[in-house]
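Residues per chain, in single letters:
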Amino acid sequence: MSLLARLIGGVPARSLWCLGVLLVLLLVAPTLLGKYGLSVLILVLYFAFVGQAWNIMMGFAGQLSLGHALYAGVGGYIAAGLFFHYGIGPWAGVFVAVAAAVAAGSIVGYLGFRFSLAGVYFALLTIAFSEFTRIAFDHWGWAGGSGGLFLKVDATSDILNLRGGPLLFYYVILALAAGTFVLCRALLESRLGRYWLAIREDPEAAQAVGVPVLRCKMIAIMISAALTALAGVWNAFYYNNLFPETAFAMGRSIEFTLAPIIGGLGTLFGPIVGAVVLTGLGEIFTDLSEVFHISGLKQIFYGLALLVIVMYRPAGVWPWIADRFGFGEKRR
Amino acid sequence: MSGARLELDGIGKSFRGLRAVHDVSFDVPAGAINALIGPNGAGKTTIFNMIAGVYRPDAGSVRLDGRQVSGLRPDLVCDAGVGRTFQIVKPFKGLSVLENVTVGALHRRPALPDARAYAADILMQLGLHDRRHQAAESLTLPDRKRLEVARALATEPKLLLLDEVMAGLRPTEIDVMVTFLQELNSRTGLTILLIEHVMRAVMALASNIVVVSYGEKIAEGTPAEIARHQAVLDVYLGEAEPA
Amino acid sequence: MTADFLLSLAQAITKGLLTGMVYGLMALGLSVIFGVMRVVNFAHGEIMVVGMYLAWMGFEYLQVSPMLSLPVIALIFFGAGYALQRAVISPFIGRPEHQQFLLLLAIAILLVNAYLVVAGPDSRGVQMESQFDSYELGPFVFDAVRVHAALTAVVIAGLLWLFFTRTRTGKSIRAAADNNLGALVVGLDVRRLYAFTFGVGAACVGAAGALMITIIPVTPFLAAEYTLLAFVIVIVGGLGSMTGALAGGLLIGVSEAVAGLLLQPSLKSMVSFGILILVLLLRPQGLFGKSGP
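Presented here is a report on the structure given in the accompanying data block. This is a predicted model, so every value here is computed, not measured.

1. Side note on the overall build of chain A
Next up, step 1: Looking only at helices and strands, chain A has 15 helices and two strands in total.
Next up, step 2: By the compact-globule yardstick of 20 Å for 332 residues, chain A fits well, its C-alpha radius of gyration being 20 Å.
Next up, step 3: Seen through its principal axes, chain A has C-alpha atoms that stretch 50 × 45 × 45 Å.
Next up, step 4: Burial status across chain A gives 59% buried among its 332 residues.

See below:
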């Protein structure tokens, strides 16, 4: 009870109502939406989830990672590989997958933070590790090499092995996204969360008031890597195929960063709003470019939309909406 | 809180062969207010940074109540009971004034509501309570200086290191800060070491003054003694009239 | 056997050095822009690929050798870079890195897909007559195109060096890079200098693109790889250092060529990333960087 009180303490009542309505809507959404609508909503939730995971590192602790595909890739590959080779289901495999991603995150984090790399330099280190791993997986037979790893497509519902139709994957990703939302709120309202914000604003001043900077940054990257690995596992079983070229691509890492940056870094709702905006734009532009039959047009619209957002709403879309409608969540 | 005794024993530090501080020793008794003065570039801030754990001294040791703190990381030095302000203020710009101080308070009060209440109390004492919901980056320089002091105090130190907190303040504001520090010291017994160019504040606050020049201690004594000290006069007259 | 191996190793190293010159010129553009404005150009490879396409179009439709179209491309890039900086990038100077990153990413997406629309996804190369020429020096054989490209890159780097050390504008830019506030105080028009710098950086990378097309064909999807390559080079050499960018280019060029010889070609960029990781950890300011990051 006191945990619940702490979680919702200080939140305006109307915001809580809105949240409740949103949750109910999401729970019943599959009955309201068609097949296409559900697939779009699944994408939104996926990017919201993985965006929240990335936001913990960049939005809260201020550490720019452009190599988060590493954790999604490692997680996805391990869970898929265990299932493919040994028939070990993802509910068990996910523990190994998350542990491996946390280990990878610890290595990147320890090396980067130990040597006080920050900003672009740290970002490049994360890219380098991700690319390095991509090439390694290209040559690793167990993971299928550059030819990829394929899971048998199986529409019969087998929840124990995370096999089934979109509905199953919808509720799993909804649970992950909603759980992470609560987790982020709990983290922000804790000592650790405040320490992260202090590190983001000024690491030297933070350390002077007793913040164990290295330890806090390590926890941030480990939590973020663990959640990203979950997203990777979910993604691997949803799409049933994995290629190093896409699993560890820099483009994938960048995709993870867009929803939180566009929605509003460091906010709870930013990654979710950003995911809605991005996926929505993506779908609209896909339809538009199909009208014109020109490949690349979709991406041009997309690029233009990004340009407009970053030029006119550099702090993100959500803080602006929150301000206008009185939801009261600002970037902290 | 109560004060701790600070002992500096022959500390020295060089940067790329350049000697910034050499063989400096002095004590600050528990509960005292002492000042560290000297011309710009004399090594005062380097001495602070060695006490606070930012730099590890090349030689000598720093002890707090007899316990060696030199060589510890800054957060562990804070843990041992040293609070410090920065000469070039370093607020957590994006956070509110209250949250800035709360981060400091969390050090000894892990629960967020406790820390926030304690932080609010300190802001009240420093006259920043009205501005507690403002973003720290919107504060004026004098307010930022006060915020530095508040945030350091929130960690409940036994020794407070103040690096030029009076600089840029108007005379009336200096008097307010002097009164606050005197009152704080007499109420809690907190030991204070301040680096200061504002002589009026130094003379009012410090029971003992250490003078450094070119990285070495050249004099130590009461304000009256220092005012008459020939080496000190030479150093200051050679540079400029002290403010 | 050993003699053969040594010869092919020496051959690989020289090939790497020649390619590395062009890499160096590309990285130089990135380094100049960062050194002066502290803006990390995440669209660098994409901008270079525009240069490659322009040179290819000049060759394909107007039958002009890339070497001849190079000055024109450099000039166009200077103007475009100047305008882009003035119109879009200028407000982002001094902003948080992630905002600059998103801005340049948007520009990169626009550029890549613009060539996809205009030129299609196919790989485009130039077939010059000198393609199969070579110079022989004792047992060594050098591809003529590579030698020409490398020499041109050296000449351009030399011109750039003269510009920064001998001309008034060049010196002002360096002053602004060293001390932004100081430059403002002495009355330099920092905003114009920044735009000028972005123009110079773009001209560099445009010229590098014109040279690159003589060595390797272009596809839209190469752009991101070049951005990454340029980053690896400048970080290894030292972000903001001109010598560092050139030396980094040579080092990465050689390491790629040697790795391609000793290991599988697909592993060659692993070596570059390995070097990057080592440099970041052991000497984050880069091999030729002056101070820490």
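Still more to cover.
2. Section: the interface of chain A and chain B
Next up, step 1: Contact with chain A, which involves 20 residues of that partner, is made by 23 residues of chain B.
Next up, step 2: Interface area, chain A with chain B, both sides summed: about 1900 Å², of which 63% is carbon and sulfur.
Next up, step 3: Taken as a group, Arg191(A), Arg194(A) and Val209(A) account for 31% of the area that chain A buries against chain B, more than any other trio of residues on that side.
Next up, step 4: Counting across the chain A and chain B interface gives three salt bridges.
Next up, step 5: Here Glu204(A) ties to Lys90(B) by a salt bridge, and the two come within 3.1 Å at their closest N and O atoms.
Next up, step 6: For the pair chain A and chain B, the interface holds eight residue pairs in polar contact (both at pLDDT 80 or more).
Next up, step 7: Listing elements by their share of the side of chain A that touches chain B, those giving two or more residues are helix H8 (191–201) and helix H9 (203–208) of chain A.

3. A few points about the nonpolar core
Next up, step 1: In terms of nonpolar packing, the biggest core is built from 269 residues, with Met166(B) and Met26(C) touching the most fellow members.
Next up, step 2: With near-sequence residues (within four places) excluded, Met166(B) lies in contact with Ile174(B), Met177(B), Val178(B), Leu181(B), Glu196(B), Val198(B), Ala201(B) and Leu205(B).
Next up, step 3: Listed in part, the 29 residues of the second largest apolar core include Leu8(B), Ile11(B), Val77(B) and Ile195(B).

4. Section: unusual backbone geometry
Next up, step 1: Of note, Tyr214(B) is a non-glycine position whose phi angle comes to about 45°, a positive value.
Next up, step 2: Looking at Tyr214(B), the relative accessible area reads 74%, which means it is exposed.
Next up, step 3: Residues other than glycine seldom take positive phi values, yet Gln63(C) does so here, at roughly 55°.

5. A look at the pairing of strand E1 (residues 6–15) of chain B
Residue and element names in this part refer to chain B.
Next up, step 1: Among the 10 residues in E1, seven count as buried, and that is most of the element.
Next up, step 2: Sheet topology note: the E1/strand E4 (residues 59–64) ladder contains five bridges and is antiparallel. Bridging from a neighbouring strand, Glu-7 pairs with Arg-63 of E4.
Next up, step 3: Here seven bridges tie E1 to strand E2 (residues 18–28), and the two strands are oriented antiparallel to one another. Bridge pairing in E2 places Glu-7 opposite Asp-27.

6. A word on the pattern of salt bridges
Note that side chains of opposite charge can pair when their charged atoms are close.
Next up, step 1: Scanning the model with the defined rule gives 23 salt bridges over all chains in all.
Next up, step 2: Measuring nitrogen to oxygen at the nearest pair gives 3.0 Å for the salt bridge that ties Glu201(A) to Arg200(A).
Next up, step 3: Using a relative accessible area of 13% as the deciding quantity, one classes Arg200(A) as buried.
Next up, step 4: One salt bridge in this structure joins Asp143(B) and Arg146(B), with 2.6 Å as the shortest N-O distance. Pair noted here: Asp143(B) and Arg146(B) are both in helix H5 (residues 141–154), with a separation of three residues, about one helical turn.
Next up, step 5: When salt bridges with common partners are traced through the structure, they connect Glu189(A), Arg194(A), Glu99(B) and Arg116(B) into a single cluster.

7. Considering the sheet that holds strand E7 (residues 159–163) of chain B
Sheet strands associate in pairs through backbone hydrogen bonding, adopting either a parallel or an antiparallel arrangement.
All names here are of chain B.
Next up, step 1: The strand order across the open sheet built from six strands is E6-E7-E8-E3-E9-E10, with neighbouring strands paired in mixed fashion. Of all strands in the sheet, those with a lone pairing partner are strand E6 (82–84) and strand E10 (216–221), marking the two edges. Looking at each pair of strands side by side, their axes are set apart by 20° on average, direction ignored.
Next up, step 2: Where strand E3 (residues 33–37) and strand E8 (residues 191–195) come together, four bridges link them in parallel fashion.

8. Quick look at the interface of chain C and chain A
Next up, step 1: Taken together, the 38 residues of chain C in the interface contact 40 residues of chain A.
Next up, step 2: In total, chain C and chain A occlude about 3700 Å² of area from one another, counting both sides; carbon and sulfur atoms represent 85% of this.
Next up, step 3: On the chain C side of the interface with chain A, the three residues burying the most area are His98(C), Leu102(C) and Leu281(C), jointly 17% of the side's total.
Next up, step 4: Our count for the contact surface shared by chain C and chain A stands at zero salt bridges.

9. Considerations on the environment of Phe59(C)
Next up, step 1: Position of Phe59(C) relative to the elements: it lies in helix H2 (residues 44–62).
Next up, step 2: With residues near it in sequence (within four places) discarded, Phe59(C) still touches Val64(C), Ser65(C), Pro66(C), Val126(C), Gln127(C) and Met128(C).

10. Points about a nonpolar patch on the surface
Residue and element names in this part refer to chain A.
Next up, step 1: A cluster of nonpolar side chains, Trp-17, Val-21, Leu-23, Val-24, Leu-25, Leu-27, Val-28, Leu-32, Leu-33, Leu-167 and Tyr-171, forms an exposed patch at the surface whose accessible area comes to about 1100 Å².
Next up, step 2: At the level of elements, helix H2 (13–32) and helix H7 (166–188) are the ones that each hand at least two residues to the nonpolar patch.
Next up, step 3: The leading source of residues in the nonpolar patch is H2, at eight residues.
Next up, step 4: With respect to the helices and strands, the residue Leu-32 is situated in helix H2.
Next up, step 5: Residue Leu-32 is classed as exposed on the basis of its relative accessible area, which comes to 62%.

11. Quick look at the sheet that holds E4(B)
Residues and elements named next belong to chain B.
Next up, step 1: Strands sit in the order E2-E1-E4-E5 across an open sheet of four strands; the sheet is antiparallel. On the outer flanks of this sheet lie E2 and strand E5 (67–68), each paired with one strand and no other.
Next up, step 2: Helix H1 (residues 44–52) rests against E1, E2 and E4 of the sheet, and its axis sits at about 115° to E1.

12. Details of the side chain of Lys217(A)
Next up, step 1: For Lys217(A), the position within the fold is in helix H10 (residues 213–239).
Next up, step 2: Here Lys217(A) sits buried without a salt bridge, and the closest side chain of opposite charge, Asp202(A), lies 10 Å off (N-O distance).

13. Section: helix H3 (residues 35–60) of chain A
All names here are of chain A.
Next up, step 1: Between its terminal C-alpha atoms H3 stretches 36 Å, which fits the 38 Å expected from 26 residues at 1.5 Å a residue.
Next up, step 2: Residue Trp-54 marks the point of greatest curvature in H3, where the axis turns by about 40°.
Next up, step 3: With 22 of its 26 residues buried, H3 lies for the most part within the structure.
Next up, step 4: Just downstream of H3, Gly-62 is the residue with a positive phi angle, here 75°.

Conventions we followed
- Residues numbered from 1 in each chain as written.
- Chains lettered and ligands numbered in written order.
- Predicted model: local features only at pLDDT ≥ 70, side-chain atom pairs only at ≥ 80, totals over all residues.
- Heavy atoms only, no water.
- Helix = DSSP H or I, 4+ residues; strand = E, 2+ residues; numbered from the N terminus.
- Rg over C-alpha atoms; globule rule 2.2 N^0.38 Å.
- Buried < 20%, exposed > 50% of the residue type's maximum accessible area, 1.4 Å probe, protein only.
- Contact = heavy atoms within 4.5 Å.
- Buried area = accessible area lost by both parts, 1.4 Å probe.
- Salt bridge = Lys/Arg side-chain N within 4 Å of Asp/Glu carboxyl O.
- Polar contact = N/O pair within 3.5 Å; in protein donor to acceptor, adjacent residues only side chain to side chain.
- Core = buried A, V, L, I, M, F, W, Y, C linked by side-chain atoms within 4.5 Å.
- Pairing = 2+ DSSP bridges.
- Axes fitted to C-alpha atoms, helices over the stretch in contact; angles between N-to-C directions.
- Patch = residues over 30% accessible without salt bridge, like charges linked within 9 Å, V, L, I, M, F, W, Y side chains within 5 Å.
- Areas by Shrake-Rupley, 256 points an atom, 1.4 Å probe, with all protein chains shown as cover.
- Lys, Arg positive; Asp, Glu negative; His and termini not counted.
- Expected span 1.5 Å × (residues − 1).
- Bend = angle between axes of the 7 residues up to and from the residue.

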